[in-house]
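Spelled out from the first residue to the last, the chains are:
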Amino acid sequence: MGFARTCSVALVGVEGVVVEVQADLEPGVAAFALVGLPDKSLSESRDRVRAAVVNSGGEWPQKKLTVGLSPASVPKGGSGFDVAVACAILGAAERIDPRVLADIVMIGELGLDGRVRPVRGILPAVLAAADAGYQQVVVPECAAAEAALVPGVSVLGVRTLRQLIAVLADEPVPDEEPDTEGRPDPLLAGLRMPGTGASAAMHSAGAALQDQGHDLADVVGQTSARTALEVAAAGGHHLFLEGPPGAGKTMLAERLPAVLPRLSREESLEVTAVHSVAGLLPPGKPLVDVPPYCAPHHSATMQSLVGGGPGIARPGAVSLAHRGILFLDEAPEFHTQTLDALRQPLESGHVVIARSAGVVRFPARFLMVLAANPCPCGRFSQRDSLCDCPPSAIRRYQSRLSGPLLDRVDLRVEVDPVTRAQLTGSGARGESTATVSERVGAARQRAAARLTGTPWHTNSEVPGRELRTRFHAEHGAMDEAERGLERGVLTARGIDRVLRVAWTIADLAGHDRPGADDVRLALQLRTGVPRGVPMAIGASV
């Protein structure tokens, strides 16, 4: 009887569970049994592994073969177990020393010719292996850079099963024939999940900085909206832009990622793990170090927005926008239930999806930007009568954004149409992205210094009870906001959010604590009602 074991990783959301892959050979009629709650794609590994072993020069054992995946109670899916199954079988057949395999975690899919193909979720799988105390992992060669992001783990990247067998058996490693020059590497196809369409609505902030078409200096006028954009970036506050078509709402939202600071190392690993599981990690860029930007179409389903799908749930747009921007253009055109599903992640910063196949938790701490027209025709305004929509149609259109959802939005700004004088004028241009980004970075540093020793990093994350007990505004500064609470203009959540925005305005202006003017500007940004303060921040005047 031959026995060998090695390890692989089963992913549940962005969290991994180390699975022991055991192979047992016994005398009897040749058969192959795979046990341990495998799904369809994992069950098919029996045929892939057999062909890969034979085509790699190995001898398939003609005995009763049982491969067990332990713990057996954890559902397992995907083709990432192929390499571990093949090596465990070869260890049981004594082609490889079983003692060498015991402390190695192996991740990868096998082609019928023995090539090792990449799979989704390499980074979270290696993170799970490192947390479990494993120090050696084997991954596909083209995914080795992604796996190497995890510190304290020795990564072996292999291109074929033949190479891996030679390394584990301490034999000369064969040279593999290179692919035809000028043709794309077919192995890289495993790093992306085709058909998701999400990558088309994402770009990096680094590219936006270099693209002159995504510079804030090109935004004509819109002083109020630019101020709100700066406050949103500095404090991580959600933003609602309302205005007629062509006023520049989408233009402003597309320039917001470049204003945000680059991600820290910890944040980069969080974002990269989500994108790796979703199959959206671009080849050649193993680490996402800039805030992501996700702009789903208004026909998006609830599952595509918050996550879900058949079997084990997949991350949705709110998770793909983690630590970045979620832009919902034409927000009233989204289904009401889909928009209301955002209320829980907006408060908690994560999404918990329960399915019959299991419960998964995805991170979802994003900055939401809503954009909407004031009415179905888009021409409704208090200053003119160009709109042809009846009042009932306007009310019905505006009510598609529910009160509880808008109560979670900190900033609400009306984007006015650009005048002919502004568009054709030769006056001074607005501040560039680099200038605003520098000021936002300084404000975030002030907030980080104040929040040192706490689990929060931006003003928008600080709970209301902490705001009321530890982070006070100046004496009497909140009087006007408190009167709004008494009159029913603000909710208890709303007054906490006003104080958060006031702290961000104070950080941008260089104030030690929010004053009365900071609070009034925060109220004006939240309610959209003018309160006699200029829509400009001290440092940005």
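Residues numbered from 1 in each chain as written. Predicted model: local features only at pLDDT ≥ 70, side-chain atom pairs only at ≥ 80, totals over all residues. Heavy atoms only, no water.

**Side note on the pairing of strand β8 (residues 136-140)**
Burial analysis of β8 places four of its five residues in the buried class, which makes it a mostly covered element. Where strand β5 (residues 104-106) meets β8, three bridges bridge the pair, whose relative direction is parallel. Each residue of the ladder has a partner; that of Ile104, found in β8, is Gln136. (Buried < 20%, exposed > 50% of the residue type's maximum accessible area, 1.4 Å probe, protein only. Helix = DSSP H or I, 4+ residues; strand = E, 2+ residues; numbered from the N terminus. Pairing = 2+ DSSP bridges.)

**Here's the deal with the environment of Ala313**
Secondary-structure assignment places Ala313 in the loop between α12 (302-306) and α13 (317-320). According to the relative accessible area criterion, Ala313 is buried, its value standing at 5%. With 40 residues separating them in the primary sequence, Ala313 and Ile353 have C-alpha atoms 7.1 Å apart. Excluding its chain neighbours within four sequence positions, the residues that come into contact with Ala313 are Gly308, Ile353, Val360 and Phe362. (Contact = heavy atoms within 4.5 Å.)

**Topic: the packing of aromatic side chains**
The geometry of an aromatic ring pair is captured by two quantities: the separation of the ring centres and the angle between the planes. Here the structure, examined in full by the defined rule, presents three aromatic pairs. An angle of 45° between the planes, with centres 5.8 Å apart, marks the rings of Phe32 and Trp60 as tilted. With Phe32 in strand β3 (residues 31-35) and Trp60 in the loop between α2 (45-55) and β4 (64-70), the pair connects residues that are 28 residues apart, well separated along the chain. On the basis of relative accessibility, which here comes to 12%, the residue Trp60 falls in the buried class. (Phe/Tyr/Trp six-rings, centres within 6.5 Å; stacked < 30°, edge-to-face > 60°.)

**Concerning the packing of helix α3 (residues 82-92) against helix α7 (residues 161-168)**
Taken N-terminus to C-terminus, the directions of α3 and α7 make an angle of 45°; their axes are 12 Å apart at the nearest point. The angle between α3 and α7 places the two elements in the oblique class. Relative to α7, α3 is oriented so that their crossing is right-handed. Here Val83, Ala86, Cys87 and Leu90 of α3 come into contact with α7, specifically with Leu161, Leu164, Ile165 and Leu168. (Axes fitted to C-alpha atoms, helices over the stretch in contact; angles between N-to-C directions. Parallel < 35°, antiparallel > 145°, perpendicular 65-115°, else oblique. Left-handed = near helix turned anticlockwise from the far one by under 90°.)

**Concerning the layout of surface pockets**
Put simply, the second largest pocket is a space of about 950 Å³. Around the second largest pocket sit 37 residues that line it, and Glu242, Val413, Glu414, Val415 and Asp416 are the ones nearest its centre. Looking at the lining of the second largest pocket residue by residue, the class counts come to 17 nonpolar, 13 polar and seven charged. (1 Å grid on protein atoms, 1.4 Å probe; cavity = no way out; pocket = protein on both sides within 12 Å on 5 of 7 lines; lining within 4 Å. Points joined across faces, edges and corners; volume = space filled by probe spheres on them. Nonpolar A, V, L, I, M, F, W, Y, C, P; charged D, E, K, R; others polar.)

**Section: helix α22 (residues 492-509)**
With 18 residues, α22 ought to run about 26 Å at 1.5 Å a step, and its terminal C-alpha atoms sit 26 Å apart, in line with that. Of all the 18 residues making up α22, 16 are buried; the element is thus mostly covered by neighbouring parts of the structure. Residue Gly510 follows α22 closely and has a positive phi angle near 80°. (Expected span 1.5 Å × (residues − 1).)

**Quick word on the sheet that holds strand β16 (residues 411-414)**
The strand order β11-β12-β15-β10-β16 describes an open sheet built from five strands, whose pairing is parallel. Of all strands in the sheet, those bounded by a partner on one side alone are β11 (293-294) and β16. Across four bridges, strand β10 (residues 239-242) lies against β16 in parallel orientation. Residue pairing across strands places Leu239 opposite Leu411, the latter belonging to β16. Most of the contacts of helix α9 (residues 223-235) go to β16, to which it runs at about 160°, and overall it touches β10, β15 (367-372) and β16.

**Comments concerning the confidence of the model for the protein**
Model confidence for the protein is summarised by a mean pLDDT of 87, while 90% of its residues fall at 70 or above. Within the model, the stretch residues 193-212 combines pLDDT values under 50 with 34 contacts to residues more than four positions away or in other chains. (pLDDT = per-residue confidence, 0-100.)

**Details of α7**
The buried fraction of α7 is high, at six of eight residues. All of the buried residues along α7 are Leu161, Gln163, Leu164, Ile165, Ala166 and Leu168.

**A word on the pairing of strand β2 (residues 15-26)**
Of the strand pairs in this sheet, strand β1 (residues 2-12) and β2 are connected by 11 bridges, and their pairing is antiparallel. Each bridged residue has a counterpart across the sheet, and for Val9 the counterpart in β2 is Val18. By the bridge criterion, seven bridges tie β2 to β4 in an arrangement that is antiparallel. Within the sheet, the bridge partner assigned to Glu26 lies in β4 and is Lys64.

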